[in-house]
Amino acid sequence: MRAILRKVDVGKDYSFSVREDILPFLYNHWHFHPELELTLIRKGKGIRLVGDSLEEFDDGDIILLGSNLPHMWRNDHVYFEKDSNLHIEAIAIHFKECFWGSAFNDLPEMKNIRELFERARQGIKVKGKTRELVQKKMEAILQVNGIKRIEYLLNLLELIASSTTCSLLSSNGFTKTYNLTNTDKINDIYSYTFTNFKQRITINEIAGVVNLSPHSFCRYFKTRTLKTYWQFL
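Residues numbered from 1 in each chain as written. Predicted model: local features only at pLDDT ≥ 70, side-chain atom pairs only at ≥ 80, totals over all residues. Heavy atoms only, no water.

K.L.:
Before we move on, can you summarise helix 3 (residues 128-141) with the specific residues and values?
P.N.:
Between its terminal C-alpha atoms helix 3 stretches 21 Å, which fits the 20 Å expected from 14 residues at 1.5 Å a residue. Where the residues of helix 3 are buried, they touch strand 2 (17-23), strand 4 (36-43), strand 7 (62-65), strand 9 (88-95) and helix 4 (147-161). (Helix = DSSP H or I, 4+ residues; strand = E, 2+ residues; numbered from the N terminus. Expected span 1.5 Å × (residues − 1). Contact = heavy atoms within 4.5 Å.)

K.L.:
Pulling in residues and values, what's your account of the pairing of strand 4?
P.N.:
Counting buried residues in strand 4 gives 6 out of 8 residues, a clear majority hidden from the surface. Where strand 4 lies against strand 9, 7 bridges are found, and the strand directions are antiparallel. Paired with Glu37 across the bridge in strand 9 is His94. (Buried < 20%, exposed > 50% of the residue type's maximum accessible area, 1.4 Å probe, protein only. Pairing = 2+ DSSP bridges.)

K.L.:
Which residues make up the packing of aromatic side chains, and what are the values?
P.N.:
Tallied over the entire structure, the rule returns 13 aromatic pairs. When the centroid spacing of 5.5 Å and the interplanar angle of 70° are considered together, the rings of Phe217 and Tyr229 count as edge-to-face. Note that Phe217 is positioned in helix 8 (residues 214-225) and Tyr229 in helix 9 (residues 229-232), a separation of 12 residues in sequence. Per residue, the accessibility class of Phe217 equals that of Tyr229, and both read buried. An aromatic cluster is built from Phe16, Phe95, Phe99, Trp100, Phe104 and Phe117, whose rings are joined through pairwise contacts. The side chain of Arg74 reaches across the aromatic face of Phe80, ending 5.4 Å from its centre. Lying across the ring of Phe16, Arg149 places its NZ or CZ 4.7 Å from the centre. (Phe/Tyr/Trp six-rings, centres within 6.5 Å; stacked < 30°, edge-to-face > 60°. Lys NZ or Arg CZ within 6 Å of the ring centre and 35° of its normal.)

K.L.:
With reference to specific residues and values, describe unusual backbone geometry.
P.N.:
For Asn68, which is not glycine, the phi torsion reads 60° and is therefore positive. On the secondary structure map, Asn68 appears in the loop between strand 7 and strand 8 (71-75). Assessed through its relative accessible area of 24%, Asn68 is described here as partly exposed. Residues other than glycine seldom take positive phi values, yet Asn211 does so here, at roughly 55°.

K.L.:
Let's hear about the nonpolar core: which residues, and what values?
P.N.:
If you look at the biggest cluster of nonpolar residues, it comprises 29 residues, and the most contacted ones within it are Ile93, Phe95, Met138 and Ile141. Looking at which element gives the most residues to this core, the answer is helix 4, with 6 residues. When sequence neighbours within four positions are dropped, the list of residues in contact with Ile141 reads Phe16, Val18, Ile93, Arg149, Tyr152, Leu153 and Leu156. (Core = buried A, V, L, I, M, F, W, Y, C linked by side-chain atoms within 4.5 Å.)

K.L.:
Give a detailed account of the packing of helix 2 (residues 111-119) against helix 4, specifying residues and quantitative values.
P.N.:
Where helix 2 contacts helix 4, the two axes come as close as 9 Å, and the packing angle between them is 70°. Classified by the angle their axes make, helix 2 and helix 4 are roughly perpendicular. Contact with helix 2, carried on its side by Asn112, Ile113, Leu116, Phe117 and Arg119, involves Leu157, Glu158, Ile160 and Ala161 of helix 4 and no other residues of that element. (Axes fitted to C-alpha atoms, helices over the stretch in contact; angles between N-to-C directions. Parallel < 35°, antiparallel > 145°, perpendicular 65-115°, else oblique.)

K.L.:
Outline the sheet that holds strand 10 (residues 124-125), listing residues and values.
P.N.:
Taken together, the 6 strands give an open sheet; going across it, the order is 2-9-4-7-10-11, and neighbouring strands pair in antiparallel fashion. Each having just a single partner strand, strand 2 and strand 11 (167-168) make up the two edges of the open sheet. As defined by bridge partners, strand 2 adjoins strand 9 across 7 bridges and the pair is classed as antiparallel. For Leu23, the partnering residue across the bridge sits in strand 9 and is Ile88.

K.L.:
So, the pattern of salt bridges: which residues are in play, and what are the values?
P.N.:
For the coordinates displayed, the defined rule picks out 10 salt bridges. The salt bridge involving Glu97 is made with Arg121; its shortest N-O contact spans 3.0 Å. In this pair, Glu97 is assigned in the loop between strand 9 and helix 1 (102-105) and Arg121 in the loop between helix 2 and strand 10, connecting sequence segments 24 residues apart. Within this structure, Glu20, Arg42, Glu89 and Glu139 form a network of salt bridges that share partners. (Salt bridge = Lys/Arg side-chain N within 4 Å of Asp/Glu carboxyl O.)

K.L.:
Describe in detail helix 2, supporting the description with residues and values.
P.N.:
Along helix 2, the positions that sit buried rather than exposed are Ile113, Leu116 and Phe117. Along the axis of helix 2, the buried residues cluster in a sector spanning 100°; they form a single face. Where helix 2 is buried, its residues contact strand 4, strand 7, strand 9, helix 1, strand 10 and helix 4. (Arc of directions from axis to C-beta.)

K.L.:
Explain the layout of surface pockets to me, using residue names and the numbers behind them.
P.N.:
Reported here for the largest pocket is a volume of approximately 330 Å³. In terms of lining, the largest pocket is formed by 15 residues, of which the most central are Ile47, Leu54, Arg74, Phe194 and Phe197. Mapped by element, the contributors of at least two residues to the lining of the largest pocket are strand 5 (46-50), strand 8 and helix 6 (184-196). A per-class count over the lining of the largest pocket returns 8 nonpolar, 3 polar and 4 charged. (1 Å grid on protein atoms, 1.4 Å probe; cavity = no way out; pocket = protein on both sides within 12 Å on 5 of 7 lines; lining within 4 Å. Points joined across faces, edges and corners; volume = space filled by probe spheres on them. Nonpolar A, V, L, I, M, F, W, Y, C, P; charged D, E, K, R; others polar.)

Any link to function would need more than the numbers given here.
Spelled out as structure tokens, the structure:
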């Protein structure tokens, strides 16, 4: 029921992961990982949850997620129908903040990138002309090897760091209170809601999932997400 720690395999010949996915649907579990994630949805529609942000996504979406930020991409229900001929296409880049070494990360020239990583803890949506440039670069990084991969990734991050058309996703209140060692309640609430949202859910029912009284549940949820449960639902 809690957020899943997903392992990212970079491969023995690489320091970070670049992956192209062409699948019936996206990985649809509430999860996190220590790696930052830059994802391009080349083709696909559904709901994207990042922290306490809940939005629709569509073809062309580009999102940068910070380290250990819980998230999920859930395609529309038609993708899961038995006779569906739909599929998704995505490019995902996973990398740790200091995969190129702490000395390199601490260079003065990396200041913008370090600040970008801090903002990414809330999740960043890339928009406007920056999105078009980043999409082209993400398509291109699939075709390069060796040091070119690091060069392209640095260029991608610099494009996003210097952009004025990006927006934050999750609230600052969520990221400040979210603690990976003490997240059972919020994870259980999210997981139960994702599983049962098509049915009627009462406050008594959802409060019982995390062993709280209805009053305590409402106060807890509002404190953690800055919205009421009904707003979230």
